[in-house]
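Spelled out from the first residue to the last, the chains are:
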Amino acid sequence: MPGTESTAAVILGAQQRAERVSQAGPVARRLTAAGVTMVALFWVDNTGVARVKTIPLGRLERAAGWGVGMSPVFDVFLINDDITTSKHIGGPGGDLRLVPDLERMAILDGQPGWAWVPVDRYTQDGRVYVSCQRSFARRMVDEARAQGLELRASFEIEWALGTDDNGRFVPACTGPAYGMTRVIELSDYSRELVEALEREGVVVEQFHPEYAAGQLEISVATADPVGAADDSMLVRQTIQAVSMRHGFQASFSPSVVPGTVGNGGHVHISVWRDGRNLLAGGPGRHGLTPDGEAFIGGLLAELPALCAVGAPSVASYLRLVPSHWAGVYQCWGRENREAALRLVTGSSGEQDSRSNIEIKCFDLAANPYLVIGSLIAAGLAGIRDGAELPAEIEGDPAGLDDDELAARGIGRLPQSLPDAADCLERSTILRQAMGDPMFEAFLAVRRGEVALFADADPDDIAAQTRWRW
């Protein structure tokens, strides 16, 4: 299964390199037959930006065995490409190797002649880099598997389609929210986008217009967690390419126009053991099993710290406002789109296969590999500790007064990046899961961006970040 190679193989020795070179030969021949001449090797940094090195196809076998060089300093880049530093990572020294995961190679339909592949980052002596976010996600999948658990996940992709007019966002369509008029206005664009994704091997479950001006959404099928993170990046790459071909730009920013609904990046995750969905068919509320409830309880308890990972930008907190279906209260509820954790049980007769938990307070400024790894870490901690869920919330928590919220134990999630970063800094669960080098570098980037935008108003924040994701 793509993206599920065990982290037990943490050393690239001579035998492993030879095997990778051998595997690259058939891949290169397939790409040649498809007209590919260039390959983009990408990874995602701590600001959620996809960074890249590209190679001619003739260098793929070499790259498969030995990787391509890239500095570790990118782990402390800020969203505007300024560079901060951290306790373990920063400065001009050192080099890493970007080693492509050949099983995830995709021919880019939106960019003729190009292929795309995610990488794992290794040190020059062949060890997995301590701050490789993709390897972190895979390691957490392995930890879940060691406990007999299989996880499935998917990311919702929302974006605003339009053009830029001297810093002002101009939407690509004018039809009403969720309206067929938008589909008519963007008929060729929408069809070509979905066709491109399907030719790339992405299973599109649905495409629809969203609420905000020019806003659209695509949902794709679930996959193993690392594969789901890969898919989310491939989908965004393809959206950008097809958008440019039609004369538009695509913004995945959590706040495109301040004061309006922003772009979310909701994550859906389900937990399985021995082929059984632990979020269905159990004796608990809405069919939850004890371990299924404990997994969700772990997420709920850790949610303030998780916000720094899943809503990691200053712009994220322009989106996280009450009564906008953004999930800004630390609570859960069945099919409640105002709860931060929405239990999706599906229609009668399909709960066993469809029940999942949706995390609504996250957005696409997040690194999806850090998101996946952190969610698993929190959920496993919940199972370990036997976490229990409080009473669920029905309706909009914003309709309750402070006394009612306090009586139910419901609080607001962090309302700013500094608050979220403080919560993260106090999280022993996430620090232990990531390890100090990754944790400290990620936190340093959060602190750096707080300082970067300290004097910016919402319009400035949106303008400076609108086209970064």
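Scroll up a little and you will see the structure.
We now turn to the structure provided with this report. All values reported here derive from a predicted model rather than from experimental measurement. (Residues numbered from 1 in each chain as written. Predicted model: local features only at pLDDT ≥ 70, side-chain atom pairs only at ≥ 80, totals over all residues. Heavy atoms only, no water.)

Of the voids in this model, the largest pocket is the one considered here, and its volume is about 980 Å³. As for the largest pocket, its lining consists of 41 residues, and the residues nearest its centre are E156, E217, H268, R342 and E358. Where the lining of the largest pocket is concerned, the elements lending two or more residues are strand 7 (150-155), strand 10 (204-209), strand 11 (215-220), strand 13 (267-273), strand 16 (339-344), helix 9 (351-354) and strand 17 (356-359). Tallied by class, the residues present in the lining of the largest pocket amount to 12 nonpolar, 16 polar and 13 charged. For the second largest pocket, the calculated volume is near 440 Å³. In terms of lining residues, the second largest pocket is bounded by 21 residues, among which V49, A50, R51, Q237 and Q240 are the most central. Each residue belonging to the lining of the second largest pocket can be placed in one class, and the counts come to 12 nonpolar, five polar and four charged. (1 Å grid on protein atoms, 1.4 Å probe; cavity = no way out; pocket = protein on both sides within 12 Å on 5 of 7 lines; lining within 4 Å. Points joined across faces, edges and corners; volume = space filled by probe spheres on them. Helix = DSSP H or I, 4+ residues; strand = E, 2+ residues; numbered from the N terminus. Nonpolar A, V, L, I, M, F, W, Y, C, P; charged D, E, K, R; others polar.)

Now for the environment of H88. Mapped onto the elements of the fold, H88 is located in the loop between strand 3 (68-70) and strand 4 (96-100). Spatially, the C-alpha atoms of H88 and I410 are 37 Å apart, while their sequence positions differ by 322 residues. In contact with H88, other than residues within four places in its own chain, are D436, P437 and E440. (Contact = heavy atoms within 4.5 Å.)

What follows is about the environment of A40. The topology assignment puts A40 in strand 1 (residues 38-44). For the pair A40 and A106, spaced 66 residues apart in the sequence, the C-alpha separation amounts to 9.9 Å. Ignoring anything within four residues of it in the chain, the contact list for A40 reads V52, K53, T54, W114, A115, W116 and V117.

What follows covers helix 3 (residues 133-146). Taking 1.5 Å per residue as the helical rise, helix 3 with its 14 residues ought to reach 20 Å, and the 20 Å between its terminal C-alpha atoms agrees with that figure. The set of residues buried in helix 3 consists of Q133, R134, S135, F136, A137, R138, M140, V141, D142 and A144. Of the residues one or two after helix 3, G148 is the one with positive phi, at around 80°. (Expected span 1.5 Å × (residues − 1). Buried < 20%, exposed > 50% of the residue type's maximum accessible area, 1.4 Å probe, protein only.)

This brings us to unusual backbone geometry. Backbone geometry at H286 places phi at a positive 55°, although glycine is not the residue there. Tracing the backbone shows H286 in the loop between strand 14 (276-277) and helix 7 (290-310). Of the residues examined, H286 reaches a relative accessible area of 34% and is grouped as partly exposed. Of note, the phi angle at E335 is positive, near 55°, even though the residue is not glycine. With respect to the helices and strands, the residue E335 is situated in the loop between strand 15 (329-334) and strand 16.

For the rest of this paragraph, the subject is the environment of A387. Within the secondary structure, A387 sits in the loop between helix 10 (368-385) and helix 11 (402-407). When the C-alpha atoms of A387 and Q23 are compared, they prove to be 44 Å apart, with 364 residues separating the residues in sequence. Ignoring sequence-local partners within four residues, the contact set of A387 consists of E293, A294, G297, G298 and G382.

Overall, the coordinates contain 33 salt bridges when judged by the stated rule. A salt bridge links D81 to R468; the nearest nitrogen and oxygen atoms lie 3.1 Å apart. With D81 in the loop between strand 3 and strand 4 and R468 in the segment after helix 15 (458-465), the pair connects residues that are 387 residues apart, well separated along the chain. Among the residues examined, D81 registers a relative accessible area of 33% and is labelled partly exposed. Where E358 meets R342, a salt bridge forms, and the shortest distance between an N and an O atom there is 2.8 Å. Within this pair, whereas E358 is found in strand 17, its partner R342 is found in strand 16, the two being separated by 16 residues in sequence. For the pair E358 and R342, one class covers both residues: buried. Shared partners join several salt bridges into a network, and the residues in it are D101, R104, D120, R134, R138, D230 and D231. (Salt bridge = Lys/Arg side-chain N within 4 Å of Asp/Glu carboxyl O.)

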